[in-house]
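Take a look at the letters that make up each chain.
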Amino acid sequence: MTSQETDIQQGWRLVAASVLVLTTAMGLVAPEVVNLAALPGWQGLVLRWAISLVVAAGLLLPMVLGCSQRSLHAVRAQRERAEARLRYIARHDRLTDLRNRDRLLGLMAERLEAGECLDLVVVDLDRFKPINDLHGHKAGDRLLCAVADRIRALCGPADLPFRLDGGKFAMLIAANGTRAEHLATALSASLARPFDMPNRTAQLGCRIGIARSGPGLAPADIVQNAEDAMHKARATAGAICVRYDLALRDMLREKASFEADLREAIAHNRIVPYFQPIYAIDGRAIVGFEVLSRWLHPVRGFVPPDRFIALAEDLGLLDRLSDQVLRRACAAMARLDRRLDMSFNISPSQFGNPMLPGRIKAILDEHGIAPAQLEIEITEHAVVSDVEQARHIIAELIGLGIRISLDDFGTGQSSLATLSQFPFQKLKIDRSFIASVDSSPQNAKIVSGVLALAASLNMNVTAEGIESEGELEFLRAHACGLGQGYLFSRPLPEAEFELLVSMTGQATAPAAVPVTVPLHRKTG
Ligand code: C2E
Ligand code: MG
Ligand code: MG
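Along each chain, residues carry numbers from 1 onward, in the same order as the chain's sequence is written. Lettering of chains starts at A and numbering of ligands starts at 1, both following the order in which they are written. Local features in a predicted model are, by the rule used here, given only for residues with pLDDT of at least 70; side-chain atom pairs are given and counted only at 80 or more, and totals for whole chains, interfaces and linings are based on all residues. Side-chain numbers come from the whole structure's heavy atoms, not from hydrogens or water.

### Observations concerning the confidence of the model for the chain
If pLDDT is low for a region, its predicted coordinates should not be looked at in detail.
Phase 1: On a range of 0 to 100, pLDDT expresses the predictor's confidence in each residue. Summarising the model, the chain shows a mean pLDDT of 90, and 93% of its residues fall at 70 or more.
Phase 2: In this description, contact between two residues means that some pair of their heavy atoms is separated by no more than 4.5 Å. Ignoring residues within four places in sequence, the model shows residues 507-524, a span with pLDDT below 50, making 37 contacts including any to other chains.

Structure (structure tokens):
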């Protein structure tokens, strides 16, 4: 009850008591004062009745007030119970009855304010989502309740368990040496034990992140740090529990700054195509080139595509980056004084976008490049994740007159099956097989086998990563049609590639490449 409500209640009590006293006094004193007996017959009667009515009302009023006070009290108690219930619901997870994320933040704020040092342990379940999807939400709910019970069972009297969301739980404990790590070990052992479900058992696991409170860290920062540590555990093979520390903080800051730089580079069209010539092995003439993306960062220096292509993919920016690079490569190609074929890499994730063929065709049209001059290089991963979608997109690209080649052949898990399922016009033998093919009997057998297979399927072959004359000789002797590699040239920036093309003419031996053309050993 608020103090205002208490004041009002006391006021009403005072009024009721005053009315009671006044009316009693009136009932006793009024007949004497007015001298009722002296009044004529009907006037005395009316006055007597009036006095009796006032006295009766005066006696009844406090009783009525008392009753209404009591019912008010009951309503107020009910409202307070409802409010308390609402407060409870707002702070607890309905399914497991553990405290929720809001309560965690509130409690941490109170305890940090009181000067306590805390450790937060965040636990994220492994394999929960497939069980939920496969066996239904009821089974998933039951499993989460069982997990909550196991977490509760490990809590000491001062430890607090929480459910943050989905399959993510937490424990808030007073910081005490490595106790959080010991709890984490016990937690992961407990959650690794099978869970009984109707007609089956479920096997879960977990990843755990630990973060400690510290100067200037708000509750939300500590939760974020523990979650970052948990993600680090998830990303590290064999790791179950990681504590957030300065090294992890620096790594995450560097990752965030790398991401911001990449976003900016893509926004300002700063990733450029480099061009690696592809040679006809017999005759050594440049017949085409592969476009390879390059990011020359003013401070980071040369960033290889292996580092930024996958990240651009994660950031949902790969389509944009790919279009930018293809557009610039087409512009450069249109400026060449010779007709060459262009090979362009498309990542597996881009194959999920049905707009891909249309976008590529529009860019070719912008620069007047014939689709027959373009070859799209894809790896096996592009076709194994969604075979039907890949079949559709490949058919559409081929329908436009664009050729498709299978890149990094031999490195996938089912290269032969992939080869038989899709109409590839060319395959590129991965450079791991070309390396020392002239001296490694193993590689020699694989490469000659692949060349024979491609010949029987009427497919062209490019050997990737030719670095020595010996490798080149082997490939020539086994009738490999095309090759690229450092022996011929590293990937070159546009101006140097143009120079190479104009200076080398139609038939150029690698040894005859003018020494004035830089080989870009550092940046290629
Ligand atoms: P990839 O398509 O297999 O490209 C061949 C890679 O081998 C290139 O690496 C090239 O520089 C390198 N290479 C060529 N000849 C030799 C050699 O003789 N020795 C050695 N050791 N390496 C050689 P790079 O440029 O670092 O590209 C790596 C991968 O990144 C590419 O592999 C490709 O899958 C991907 N990539 C590059 N640019 C793009 C792009 O614009 N879009 C997409 N989606 N992926 C790209
Ligand atoms: Mg390639
Ligand atoms: Mg390759």
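Here the narrative resumes.
### Regarding the site of ligand 1
Phase 1: Nearness here has a simple test: a residue counts as near a molecule or strand if at least one of its heavy atoms is within 4 Å of that partner. With respect to spatial proximity, 24 residues lie near ligand 1, and among them Ser-293, Ser-347, Arg-431, Glu-467 and Tyr-486 are the closest.
Phase 2: Contacts to ligand 1 include Ser-347, whose side-chain N or O atom sits 2.8 Å from a nitrogen atom.
Phase 3: Within the backbone of Tyr-486, one N or O atom sits 2.8 Å away from an oxygen atom of ligand 1.
Phase 4: For each structure, a 1 Å grid was placed over the protein atoms alone; sets of points admitting a 1.4 Å probe that cannot get out are labelled cavities, open sets with protein on both sides within 12 Å along at least five of seven lines are labelled pockets, and lining residues have an atom within 4 Å of a point. To be counted as sitting in a cavity or pocket, a molecule needs more than half of its atoms within 2 Å of that site's grid points. One can see that ligand 1 is located within the largest pocket.
Phase 5: Elements are defined by DSSP. Helices are runs of H or I of four residues or more, strands are runs of E of two residues or more, and each kind is numbered from the N terminus. Broken down by element, the shell around ligand 1 gets its largest block of residues, 4 residues, from strand 9 (residues 285-297).
Phase 6: The classification used treats Ala, Val, Leu, Ile, Met, Phe, Trp, Tyr, Cys and Pro as nonpolar, Asp, Glu, Lys and Arg as charged, and all other residues, Gly among them, as polar. In terms of residue class, the shell around ligand 1 is built from 7 nonpolar, 8 polar and 9 charged. In protein, a polar contact requires one atom able to donate a hydrogen and another able to accept it; more generally it is a pair of N or O atoms within 3.5 Å, and residues adjacent in sequence count only if both atoms are side-chain atoms.

### Concerning the environment of Leu-104
Phase 1: As for its placement among the helices and strands, Leu-104 is situated in helix 3 (residues 101-113).
Phase 2: Exposed residues in this analysis have more than 50% of their type's maximum accessible area, buried residues have under 20%, and partly exposed residues fall in between, with area computed by a 1.4 Å probe over protein chains only. With a relative accessible area of 0%, Leu-104 lands in the buried category.
Phase 3: Separated by 136 residues in sequence, Leu-104 and Ile-240 have C-alpha atoms that sit 23 Å apart.
Phase 4: Among residues more than four places away in sequence, those in contact with Leu-104 are Leu-120, Phe-162, Leu-164, Leu-172 and Val-223.

### Section: unusual backbone geometry
Phase 1: In this structure, Asn-458 is a non-glycine residue whose phi angle is positive, near 60°.
Phase 2: Relative to the helices and strands, Asn-458 is located in the loop between helix 16 (441-456) and strand 15 (460-463).
Phase 3: Assessed through its relative accessible area of 74%, Asn-458 is described here as exposed.
Phase 4: One non-glycine residue, Ala-479, lies in the positive phi region at around 60°.
Phase 5: Mapped onto the fold, Ala-479 is located in the loop between helix 17 (469-477) and strand 16 (482-483).

### Things to note about the domain arrangement of the chain
Phase 1: Where each domain starts and ends comes from a domain assignment, either automatic or drawn from a database. With domains assigned, the chain is organised as domain 1 (3-91), domain 2 (101-244) and domain 3 (256-504).
Phase 2: Each of domain 1 and domain 3 has a C-alpha centre, and the two are 95 Å apart.

### Quick look at the coordination of the magnesium ion (ligand 3)
Phase 1: Here a donor is an N, O or S atom found within 2.8 Å of the metal, or within 3.2 Å if the metal is Na, K or Ca; sites may look incomplete because water is not among the atoms. Within the protein, Asp-407 (OD), Asp-408 (OD), Glu-464 (OE) and Glu-464 (OE) serve as the donor atoms for the magnesium ion (ligand 3), at 2.0 to 2.6 Å.
Phase 2: Mapped onto the polypeptide sequence, the residues donating to the magnesium ion (ligand 3) form the spacing pattern D-D-x55-E.
Phase 3: Between the magnesium ion (ligand 3) and the magnesium ion (ligand 2), a spacing of 4.0 Å is present, and a bridge between the two is formed by Asp-407.

### With respect to the coordination of the magnesium ion (ligand 2)
Phase 1: Glu-290 (OE), Asn-345 (OD1), Glu-377 (OE) and Asp-407 (OD) make up the full set of protein donors to the magnesium ion (ligand 2), lying at 2.0 to 2.3 Å.
Phase 2: Sequence spacing among the residues donating to the magnesium ion (ligand 2) works out to E-x54-N-x31-E-x29-D.

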